[in-house]
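Residues per chain are reported as follows:
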Protein chains: 2
Amino acid sequence: MTSYQMSPVMGQMMSQPLLVSGILEFAAKHYPHSEIVSRRIEGDLHRYTYRDCELRARKMAHALAGLGVTMGERVATLAWNGYRHMELYYAVSGSGAVLHTINPRLHPEQIAYIVNHAEDQYLFFDLTFLPLIEAVAAHCKTVKAFVLMADRDRMPQETKIAHLLCYEDLMAASGDDYVWPLFDENAAASLCYTSGTTGNPKGALYSHRSTVLHAYGSAMPNALNVSARDTVLPVVPMFHVNAWGLPYSVLLSGAKMVYPGAALDGKSLYELFEAEGVTFSAGVPTVWLGLVNYALQNNLQFSTFRRTVIGGSACPPAMMDTLIDKLDVQVIHAWGMTEMSPLGTAGVLQNKHLALPKELQRKILQKQGHAVFGVDMKIVDDDGKTLPWDGVTYGHLYVKGPWIISSYFKNEGGDVLVDGWFPTGDVATIDEDGYMQITDRSKDVIKSGGEWIGTIDLENIAMAHPAVLQAACIGVAHPKWDERPLLLVVRRPGMDVTRDELLHFYDGKIAKFWMPDDVVFIDALPMGATGKVQKNKLREQFKEYKLPTA
Amino acid sequence: MTSYQMSPVMGQMMSQPLLVSGILEFAAKHYPHSEIVSRRIEGDLHRYTYRDCELRARKMAHALAGLGVTMGERVATLAWNGYRHMELYYAVSGSGAVLHTINPRLHPEQIAYIVNHAEDQYLFFDLTFLPLIEAVAAHCKTVKAFVLMADRDRMPQETKIAHLLCYEDLMAASGDDYVWPLFDENAAASLCYTSGTTGNPKGALYSHRSTVLHAYGSAMPNALNVSARDTVLPVVPMFHVNAWGLPYSVLLSGAKMVYPGAALDGKSLYELFEAEGVTFSAGVPTVWLGLVNYALQNNLQFSTFRRTVIGGSACPPAMMDTLIDKLDVQVIHAWGMTEMSPLGTAGVLQNKHLALPKELQRKILQKQGHAVFGVDMKIVDDDGKTLPWDGVTYGHLYVKGPWIISSYFKNEGGDVLVDGWFPTGDVATIDEDGYMQITDRSKDVIKSGGEWIGTIDLENIAMAHPAVLQAACIGVAHPKWDERPLLLVVRRPGMDVTRDELLHFYDGKIAKFWMPDDVVFIDALPMGATGKVQKNKLREQFKEYKLPTA
């Protein structure tokens, strides 16, 4: 903790905490007629206004109080993007309790682990997840009841779940005279566990202050640029780092909100985009692949969709080109982490770039982006020495800011900060205009004879080969160089390529010493719950692999 | 002070104060090459980068420490919009002292009054104001020295000022190893006195927190919408509510900044807009009148200028039409007050307005605008009862938010809040979509037989008459109706209009009982330092006026 100088003269401004409920109150009062449209699990479209949402969120907060939920207690959700989930975002946090969003793609054992670790008092879930809840309910020791987010007529006739409540029953029984409480803006508002490729998942515990500041920062013109002229469809799930904060930043902006529910295939998304006049969206590259392919295969254009944020992992350059050049959709590359609420950078151009030729602009947009106001960055070497911003030198990426964690929930993992900075675990370059580009994960980078070899570049080149479906590059022990790159490749069905052909494919594209020492063809890469390759498993599997150069 | 519930669970996010120095540090590190261009008093253009600005601000902060300035002490400026003034914005506030910007248009006696009231320790001034400083210096009891913001060769050979220092001498003598201190974000950052139409000027004392939150709020897409693609020329002076916060919001956005210095005539502005590629500006209607007339008279268009914020007083509809329809410049009507940092509302359209015909859109844009996220509003009757938002009912406008004052500096004027709300002194309507329209000042509204008559409408109609140069409407005592409207008119030189012609001009444009009871032609209206008509002087002058209807 830094010790501050004290000023003898304080400003004479209103003292008002930055609270999550303040966003919804502002939205409902100042944009009462802005719409929220949700594709429900039931299949139909539900639509209501910000004002309706605030009333129902307030009634649900009242219901939570009736269930005995007190300040600071955790209330969990297992749900898609929809209006009831949004009501819970505000009802839980707004009442002073802590919203714990759970990723349903986690293994049931992991779900039970984090429910118990978080000591969730109630768990709200969508109909889709009834079988999952039936499987884990008995293992969730702290949960007093499970609440099905549906009408009474959707409640199961029989269930193994000991305590099962109906969301709309709670709503109907609740009065509308609840008043949002005021409290310290540093109080916890929501909790999100990292996917945890090694060890158990760890929780990032956001505060009301961090959530509101992140909402300001992420809505800015240099970031997501959300305005009252937009219609926003968040494809990124509300169980994934609070849908990158959109349930907050969209509401304070007065935009129309469209929630897609569980139907995230290309056709369903395209039809919803067109029907509701979506102008702006956000999601991971995999989802855009489905949508882009659907549009191209059916020779379709978007009538209103003009901007999308792509994050989670890097947007393949070919996909960016297709979106911009063929579909007239501007791509904002964004980068962040669960530990960062999540937004760290966004890729938008500056004044001086506007006159550049398209190809040079595209090179800038392909980087992970520029720090959003509120986030500071630096790159350091293994000794913690700050490295220059020249677009070439790469080092461990450290970040700092009011919406970045200082420690994990219950202090799992102990002290995580280094001199007040959060080590992201990424390796990156930063250029002289502040654009950051991830070159690798710190733990994946290959250290060969004192030099670093970035595996992302090696993988991208391999994947550009027509016969390669997937590629991963890992470091394998080498007697002379400490580590050397080994390329693991999954071939496209029905296509063939040899080791030597693949290695020749790198000629002229990389520095000589980056050339993989060998190629191994395998059937599949091990994937984690969030769609990332589990390189730790690959390293374990090939720990004893003998390189031909060794 | 509201008492808060305490949460037993705090978020685990980085604790980082929102400080003015943080804006400059971010700007210099993440947008090091963004430009700041200033037309100097010397006549030439000065240009440097954000990084240069940060270094010089830090050196000046070092110099202030050397002069013995300590935290919380006030340091004054009397200066135009330029790079040295901006350096002081950050050097003074960033070091923990309080920046006191003085309006040079105030009467010298008022300037001496506020310097003494603020207990300014140093006063920095532009060459333009040397005669003014020579006139008031002896009356400024607390000022240890006056600093001329110029090079050594501009220093006067002889002066009556006892302690006169040279800005560039201080800069040259200062080291660059100063580190911005960290302190409580509620510490005072800057001080701005209201023009004070009645009584002495009162000071609004902004905090670091309020300044940073206002910078976030005002840069948002629904407000000024400042991005790294912009080139911004603030015409609104830095001595007028911190140039509406632009020295903060522009820097955090990475935009190019262009400061016009003292040359604010239409020709000078037009040439600077074109030479530097200005895309966005902000100022009061009077300034736009000069620029618009220059452009029209010379049949000129703007190459890059596409958006402007107009505030301070209402933008005449005809000027808005000319800017939008003839010069292709989007107009954002903004409203605020010194007591509000200043931004309260901004007039931008919402999603559902985009399909409206131009005339209906224009009607929305002519209102004062929609609350910026962070500001709450309500309208109340004389008894404090909340009135509906229907666009017709009008009441006293009250505001609330983290960048609105809770009291004046040194508690002049005592308690100013009513149930936690700041009474703006304006009378307004708010429509169902949250757009606010000022209809009058609370003290100017005419109360006739229990009904309110808004004087702004009456004045606007009169001023639409070709023979009317200026018009003001005041309430005059009436035996039956308590008060009735009296219209005071300044005719255009060489043009004539009679009382009856003017009254007929209102036919069909207003409710019958709003019709002024009489018209008096006068030579000039009394104007205050900020260009507003001093209606209190008119009411005093016409206190005994006998209306023909009385």
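Preceding block: the structure.
So, here is what we can say about the structure in this document. Being a predicted model, the structure only gives us computed values, none of them experimental.

1. Quick look at the overall build of chain A
If you tally the helices and strands in chain A, you get 16 helices and 25 strands. The C-alpha radius of gyration computed for chain A amounts to 24 Å, which stays within 12% of the reference 24 Å derived for 550 residues, consistent with globular compactness. Out of the 550 residues belonging to chain A, those deemed buried represent 61%. For chain A, the proportion of contacts with a sequence separation of at least 24, taken over those separated by at least 6, is 65%. Split by element, the accessible area of chain A, about 20,700 Å² in all, is 52% carbon and sulfur. The positive charge centre, built from 49 side chains, and the negative charge centre, built from 60, are 1 Å apart in chain A.

2. Description of the interface of chain A and chain B
Residue-level contacts link 97 residues of chain A with 97 residues of chain B. Around 7,600 Å² of area is buried between chain A and chain B when both sides are counted, 59% of it from carbon and sulfur atoms. Looking at the side of chain A facing chain B, the largest losses of area belong to Gln12, Met14 and Phe373 of chain A, adding up to 12% of the total buried there. Inspection of the region where chain A meets chain B yields four salt bridges. Two residues, Lys29 of chain B and Asp376 of chain A, come together in a salt bridge whose shortest N-O distance is 3.0 Å. Elements with a minimum of two residues in the side of chain A that touches chain B: helix H1 (20-30), strand E9 (203-207), helix H7 (208-219), helix H9 (246-253), strand E16 (369-371), strand E17 (376-380) and strand E18 (394-400) of chain A. Taken together, the residues that form the side of chain A that touches chain B break down as 50 nonpolar, 32 polar and 15 charged.

3. With respect to the relation of the copies chain A and chain B
If you rotate chain A by 180° and push it 0.1 Å along the axis, it lands on chain B with an RMSD of 0.2 Å. What we have between these two chains is a two-fold relation. The residues that chain A uses at the interface reappear at the interface of chain B in 100% of cases, marking a shared surface.

4. Topic: the pattern of salt bridges
Residues and elements named next belong to chain A. Counted according to the given criterion, the structure contains 70 salt bridges over all chains. Glu42 is the partner of Arg40 in a salt bridge, and the nearest nitrogen-oxygen pair spans 4.0 Å. Look at Arg40 and you get buried, because its relative accessible area is 17%. Between Asp44 and Arg40 there is a salt bridge, and its shortest N-O distance comes to 3.0 Å. Where salt bridges share partners, they join Arg40, Glu42, Asp44, Arg56, Arg84, Glu87, Asp151 and Glu168 into one cluster.

5. Some points on the environment of Trp288 of chain A
Residue and element names in this part refer to chain A. Tracing the chain through its elements places Trp288 in helix H11 (residues 285-297). Assessed through its relative accessible area of 0%, Trp288 is described here as buried. Sequence spacing of Trp288 and Met6 is 282 residues, and the spatial spacing of their C-alpha atoms is 51 Å. For Trp288, the side chain forms a polar contact with the main-chain oxygen of Gly283, separated by 3.2 Å.

6. Things to note about helix H12 (residues 317-326) of chain A
The periodicity of an α-helix, 3.6 residues per turn, causes residues three or four positions apart to be oriented the same way. All names here are of chain A. Taken residue by residue, H12 has Met319, Met320, Thr322 and Leu323 as its buried positions. Buried residues of H12, seen end-on, are gathered within an arc of 160° and therefore sit on one face of the element. Across H12 from its buried face, at more than 90 degrees, point the exposed residues Ala318 and Lys326. Lining the buried residues of H12 we find H11, strand E13 (307-310), strand E14 (330-336) and helix H13 (358-365).

7. Quick word on the pairing of E17 of chain A
Residue and element names in this part refer to chain A. Judged by how many residues are buried, E17 sits mostly within the fold: four of five residues are covered. As paired strands, E17 and E18 are joined by five bridges and run antiparallel to one another. Each bridged residue has a counterpart across the sheet, and for Ile379 the counterpart in E18 is Leu397.

8. Some details on helix H9 (residues 246-253) of chain B
All names here are of chain B. For H9, a buried count of eight out of eight residues is recorded, marking the element as mostly surrounded by other parts of the structure. Along H9, the positions that sit buried rather than exposed are Leu246, Pro247, Tyr248, Ser249, Val250, Leu251, Leu252 and Ser253. Where H9 terminates, the next one or two residues include Gly254, which has phi positive at roughly 75°.

9. So, the packing of aromatic side chains
Applying the stated criterion across every chain yields a total of 39 aromatic pairs over all chains. Between the aromatic rings of Phe26 of chain A and Phe373 of chain B, the centroid separation amounts to 5.2 Å while the plane-to-plane angle is 75°, which identifies the pairing as edge-to-face. Of the two residues, Phe26 of chain A is situated in helix H1 and Phe373 of chain B in the loop between strand E16 (369-371) and strand E17 (376-380); the pairing between them involves two chains. For the pair Phe26 of chain A and Phe373 of chain B, one class covers both residues: buried. When the ring of Phe124 of chain B is compared with that of Tyr167 of chain B, the centres are 6.1 Å apart and the planes differ by 85°; the resulting orientation is edge-to-face. Highlighted residues: Phe124 of chain B in strand E5 (residues 122-125) and Tyr167 of chain B in helix H6 (residues 167-173), separated in sequence by 43 residues. Exposure class is identical for Phe124 of chain B and Tyr167 of chain B. Each is buried. The rings of Phe26, Tyr31, Tyr216 and Phe373 of chain A together with Phe26, Tyr31, Tyr216 and Phe373 of chain B are connected pair by pair, giving a single aromatic cluster. Its end group placed over the ring of Phe521 of chain B, Arg491 of chain B keeps NZ or CZ at 3.8 Å from the ring centre. Looking at Lys509 of chain B, its charged tip hangs above the ring of Phe505 of chain B, at a distance of 3.7 Å from the centre.

10. As for the sheet that holds E9 of chain A
Residue and element names in this part refer to chain A. On the basis of which strands lie adjacent, the open sheet formed by seven strands has the order E7-E6-E5-E3-E4-E8-E9 and mixed pairing. Each end of this open sheet is capped by a strand with a single partner; those strands are strand E7 (164-166) and E9. Between one strand axis and the next, the sheet turns through 25° on average, direction left out of account. Strand direction decides the pairing type here: strand E3 (residues 74-78) and strand E4 (residues 98-101), joined by four bridges, are parallel. Of the residues in E4, the one forming a bridge with Ala76 is His100.

11. Notes on the packing of H1 of chain A against helix H2 (residues 50-66) of chain A
Residues and elements named next belong to chain A. Relative orientation of the contacting elements H1 and H2 amounts to 140°, with a least axis distance of 8 Å. By the angle between their directions, the pair H1 and H2 is classed as oblique. Regarding H1 and H2, the two cross each other, and that crossing is left-handed. In contact with Leu24, Glu25, Ala27 and Ala28 of H1, H2 contributes Tyr50, Arg51, Cys53, Glu54 and Ala57. Each residue belonging to the contact of H1 with H2 can be placed in one class, and the counts come to six nonpolar, no polar and three charged.

12. Some thoughts on the sheet that holds strand E9 (residues 203-207) of chain B
Note: strands within a sheet are paired through backbone hydrogen bonds, in either parallel or antiparallel orientation. All names here are of chain B. Spatially, seven strands are ordered E7-E6-E5-E3-E4-E8-E9 in an open sheet, and the strand pairing comes out mixed. If you trace the sheet from one side to the other, it starts and ends with strand E7 (164-166) and E9, each paired once. On average, each strand axis in the sheet is tilted by 25° relative to the strand beside it, whichever way the strands run. Of the strand pairs in this sheet, strand E4 (residues 98-101) and strand E8 (residues 188-193) are connected by three bridges, and their pairing is parallel. If you follow Thr101 over to E8, its bridge partner there is Cys192. Packing of helix H3 (residues 83-94) onto the sheet brings it into contact with strand E3 (74-78), E4, E5 and E8, and relative to E4 it is tilted by some 145°.

13. Observations regarding the pairing of strand E20 (residues 435-441) of chain A
Along a regular strand, successive side chains alternate from one face of the sheet to the other. Residues and elements named next belong to chain A. With five of its seven residues buried, E20 lies for the most part within the structure. Where strand E19 (residues 422-430) and E20 come together, five bridges link them in antiparallel fashion. Paired with Ile430 across the strands is Met436, a residue of E20. Hairpin connection, E19 to E20: the antiparallel pair is bridged by four residues, and Gly434 has positive phi, about 90°.

Reading the values: the criteria
- Residues numbered from 1 in each chain as written.
- Chains lettered and ligands numbered in written order.
- Predicted model: local features only at pLDDT ≥ 70, side-chain atom pairs only at ≥ 80, totals over all residues.
- Heavy atoms only, no water.
- Helix = DSSP H or I, 4+ residues; strand = E, 2+ residues; numbered from the N terminus.
- Rg over C-alpha atoms; globule rule 2.2 N^0.38 Å.
- Buried < 20%, exposed > 50% of the residue type's maximum accessible area, 1.4 Å probe, protein only.
- Contact = heavy atoms within 4.5 Å.
- Areas by Shrake-Rupley, 256 points an atom, 1.4 Å probe, with all protein chains shown as cover.
- Lys, Arg positive; Asp, Glu negative; His and termini not counted.
- Charge placed at Lys NZ, Arg CZ, Asp CG, Glu CD.
- Buried area = accessible area lost by both parts, 1.4 Å probe.
- Salt bridge = Lys/Arg side-chain N within 4 Å of Asp/Glu carboxyl O.
- Nonpolar A, V, L, I, M, F, W, Y, C, P; charged D, E, K, R; others polar.
- Least-squares fit on C-alpha atoms with pLDDT ≥ 70 in both.
- Polar contact = N/O pair within 3.5 Å; in protein donor to acceptor, adjacent residues only side chain to side chain.
- Arc of directions from axis to C-beta.
- Pairing = 2+ DSSP bridges.
- Phe/Tyr/Trp six-rings, centres within 6.5 Å; stacked < 30°, edge-to-face > 60°.
- Lys NZ or Arg CZ within 6 Å of the ring centre and 35° of its normal.
- Axes fitted to C-alpha atoms, helices over the stretch in contact; angles between N-to-C directions.
- Parallel < 35°, antiparallel > 145°, perpendicular 65-115°, else oblique.
- Left-handed = near helix turned anticlockwise from the far one by under 90°.

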